[in-house]
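Close look at the chain arrangement
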Amino acid sequence: MSDVELFVPGQTPVKASGDRVAADGKATIGFVSLGCPKNLVDSERILTQLRTEGYDIVPNYDNADMVIVNTCGFIDSAVQESLDAIGEALKENGKVLVTGCLGARDDEIREVHPNVLAITGPHAYEEVMSQVHEHLPKPEFIPFEQLVPETGVKLTPKHFAYLKISEGCNHRCTFCIIPSMRGDLVSRPVGNVLDEAKRLANAGVKELLVISQDTSAYGVDVKHKLGFWDGRPVKTRMLELCEALADLGVWVRLHYVYPYPSVDDVIPLMASGKILPYLDIPFQHASKRILKLMKRPGSSDRVLERVKKWREMCPDLVIRSTFIVGFPGETEEDFEELLEFLREAQLDRVGCFTYSPVEGAKANELPDPVPEEIKQERYERFMAVAQEISAAKLQARVGQEMLVLIDEVGPDGAVGRSYADAPEIDGVVFLTDETDVKPGDKIWVEIIHTDEYDLWGVRVDDDPDA
């Protein structure tokens, strides 16, 4: 995998792992990818098909025959960012195709930007390519001149990649409009997922981040049917998928996991070192009343029991989660219940959002909206508690030796992550003056200092078993 440049609206170009940018005189496309890792995977798939058909991806508006904007539409700020990106592309280039989650709201886009060439919704790969062909005919493809890597075009660094295992979601959380944009759960065939994972591992990827809207529900839509991979039967279920991924010899990290009883089954894989002892579980709240209004599964009591059980099975387990404060109807009592849950659960990594009314979300119809100033005040109180917990947990790591995956190397040292940190959303490990490494290396590090979110360490003798 070599480098392809994309560009970020209003910013300098960012590099994406993939094929090379070819010379002038060919059909050229600029690409803007916004939103979450799941959207990033959609962008990778579209870019791969574009490169396969001979289109060149360029990092600026001037050299592009057309611009594709893959949008996010989850919360109001994301919608505005997407609309702004579309507007900038129209102003700077003029020929713009829109796809992604916001594309499901065609009227809203055309009201602001009536001159876009076409609009498609999320994971509408064939529709996107059809629109590209209509407005920018296929270039003459020259075999072997524009080879696309077997892994396709990737928008992550070469040493980690997102592995999307399903589309859509069967839940109907009142604050969320994902099912209306992406539909109900559709699991990818387990053999296809594992084939992709093997290709990535063979290409040098050291960490696979498993993503979906609901990772725990993988295979529910096909009744966990038996599939086949590499000459053996594999059930379409999270446990069996993780067992097979563990055989690839790379870090496997689970994201967007719901706290179902079935999660208990994968903890032994973490305890035995087969997959990373890390769970990303969006609890969202702890008040039973608010969870009911959100139409979220589970209760805080059962969650605490389950967290305790998981930690007994796997003491090294790290749990990250996200929460919403200021949900309609949230009282001070509800919020205090959330803070108490946070203190008792002692979650390692925590993110928090103030409730934002999303067009089309059922929660907007609920009575007793929380004033903005109270939302902000609760957010600050929540993050103060979360920061205190994080600082104490990280301080306890001083003196420990941890295996670190290197992400960046500069003149002043390297930056990496341990098993406890997912890229871009968690903390990092700073290695001052450590320059004799490269991205993708794994080295053993002794932790010598911490702050509220990050670690500092020094290299120790490598473990031959690392």
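A short tour of the structure in this document, coming up. What you see as residue numbers is a count from 1 along each chain, following the sequence as written. Reporting of local features is limited, given that this is a predicted model, to residues whose pLDDT is at least 70; pairs of side-chain atoms are given and counted only at 80 or more, and all residues count toward the totals for whole chains, interfaces and linings. Side-chain measures here rest on the full set of heavy atoms in the structure, leaving out hydrogens and waters.

1. Quick notes on the overall build of the protein chain
Rules: Note on conventions: DSSP H or I runs of at least 4 residues are helices, E runs of at least 2 residues are strands, and numbering of each starts at the N terminus. Just to be clear, the radius of gyration here is over C-alpha atoms, and the globule rule we use is 2.2 Å times residues to the power 0.38. In what follows, residue pairs with any heavy atoms lying within 4.5 Å of each other are defined as contacts. All accessible areas in this document rest on Shrake-Rupley with a 1.4 Å probe, and a residue is counted as covered only by the protein chains that are shown.
The helix and strand tally for the protein chain stands at 12 helices and 22 strands. For a compact globule of 466 residues, the expected C-alpha radius of gyration is about 23 Å, and the protein chain comes in at 23 Å, within 12% of that figure. Along the longest, intermediate and shortest principal axes, the C-alpha atoms of the protein chain span 60 × 60 × 50 Å. Long-range contacts, defined as pairs at least 24 residues apart, comprise 71% of the intrachain contacts of the protein chain with a sequence gap of at least 6. Here the protein chain displays about 20,400 Å² of accessible surface, and carbon together with sulfur accounts for 50% of that area.

2. Some details on the side chain of H285
Selection rule: Whenever two N or O atoms come within 3.5 Å, that pair is a polar contact, provided that in protein one can donate a hydrogen and the other can accept it, and provided that, for residues adjacent in sequence, both atoms are side-chain atoms.
Its place among the elements puts H285 in the loop between β15 (278–280) and α9 (288–294). At 2.7 Å, the side chain of H285 forms a polar contact with the side chain of E330. In contact with H285, not counting residues within four places along its chain, are I290, L291, M294, F323, I324, E330, D334 and L338.

3. Notes on the packing of aromatic side chains
Put simply, the rule reads: Stacked, tilted and edge-to-face pairs are distinguished by plane angle, under 30 degrees for stacked and over 60 for edge-to-face with tilted covering the rest, among Phe, Tyr and Trp rings (Trp via its six-membered ring) whose centres lie within 6.5 Å. Using a 1.4 Å probe on the protein chains alone, a residue whose accessible area is under 20% of its type maximum counts as buried, one over 50% counts as exposed, and one in between counts as partly exposed. A ring is considered to have a charge above it if a Lys NZ or an Arg CZ atom is located within 6 Å of its centre and within 35 degrees of its normal.
Considering all chains together, one arrives at eight aromatic pairs under this definition. Taking the centre distance of 5.7 Å and the plane angle of 20 degrees together, the rings of Y258 and Y260 count as stacked. With relative accessibility at 5%, the residue Y258 sits in the buried group. Given the relative accessible area of 22%, Y260 is considered partly exposed. Feature note: the residues F283, F323, F341 and F382 constitute an aromatic cluster, connected by ring pairs. The cationic tip of R253 hangs over the ring face of Y278; the distance from NZ or CZ to the ring centre is 4.5 Å.

4. A closer look at the packing of helix α10 (residues 300–313) against helix α11 (residues 332–345)
Geometry of a packed helix pair, given as the angle between the helix axes and the separation of the axes. Put simply, the rule reads: Here an angle of 0 to 180 degrees is reported between the N-to-C directions of two axes, which are lines fitted to C-alpha atoms, with helices fitted over the stretch in contact. Roughly parallel means an angle under 35 degrees; roughly antiparallel means over 145; roughly perpendicular covers 65 to 115; every other angle is labelled oblique. Any residue outside Ala, Val, Leu, Ile, Met, Phe, Trp, Tyr, Cys, Pro, Asp, Glu, Lys and Arg is labelled polar, Gly included; the first ten of those are nonpolar and the last four are charged.
Their axes nearest at 11 Å, the elements α10 and α11 cross at an angle of 10 degrees. By the angle between their directions, the pair α10 and α11 is classed as roughly parallel. Listed contacts from α11 to S300, V303, L304, V307 and R311 of α10 are E337, F341, E344 and A345. Residue composition of the contact of α10 with α11, by class: five nonpolar, one polar and three charged.

5. Description of the sheet that holds strand β7 (residues 118–119)
Put simply, the test is: At least two bridges found by DSSP between two strands is the condition for calling them paired.
Overall, parallel pairing links the five strands, which are arranged β4-β3-β5-β6-β7 in an open sheet. In the strand order of this sheet, the two ends are held by β4 (56–58) and β7, each with one partner. Bridging between strand β5 (residues 66–71) and strand β6 (residues 96–100) involves five bridges; their strand directions are parallel. If you follow I68 over to β6, its bridge partner there is L97. This element, helix α1 (residues 37–52), spans β3 (28–33), β4, β5 and β6 of the sheet and lies at about 170 degrees to β3. Helix α4 (residues 125–135) rests against β3, β5, β6 and β7 of the sheet, and its axis sits at about 175 degrees to β6.

6. A few points about the pattern of salt bridges
Let me state the cut-off plainly: Salt bridge criterion: a side-chain nitrogen from Lys or Arg within 4 Å of a carboxyl oxygen from Asp or Glu.
Inspection of every chain in the model, using the stated rule, returns 30 salt bridges. The shortest N-O distance in the salt bridge between R381 and E336 comes to 2.9 Å. With R381 in helix α12 (residues 372–395) and E336 in helix α11, this pair connects stretches of sequence that are 45 residues apart. Among the charged side chains, a salt-bridge network with shared partners connects E330, E332, E336, E377, R378 and R381.

7. Side note on the side chain of R378
Within the secondary structure, R378 is located in helix α12. Residues contacting R378, with those up to four places away along its chain left out, are V325, E330, T331, E332, F335 and V370.

8. Comments concerning the environment of F160
Considering the arrangement of structural elements, one finds F160 in strand β8 (residues 160–164). Owing to a relative accessible area of 5%, F160 belongs among the buried residues under this scheme. Sequence separation of F160 and E243 is 83 residues, and the distance between their C-alpha atoms is 19 Å.

9. With respect to unusual backbone geometry
With a phi close to 50 degrees, H224 is a non-glycine residue in the positive phi region. Along the polypeptide, H224 turns up in the loop between β11 (207–211) and β12 (226–229). Backbone geometry at D368 places phi at a positive 60 degrees, although glycine is not the residue there. Relative to the assigned elements, D368 resides in the loop between β17 (349–354) and α12. Residue D368 is classed as exposed on the basis of its relative accessible area of 56%.

All quantities given are derived from atomic positions and should not be read as evidence of function.
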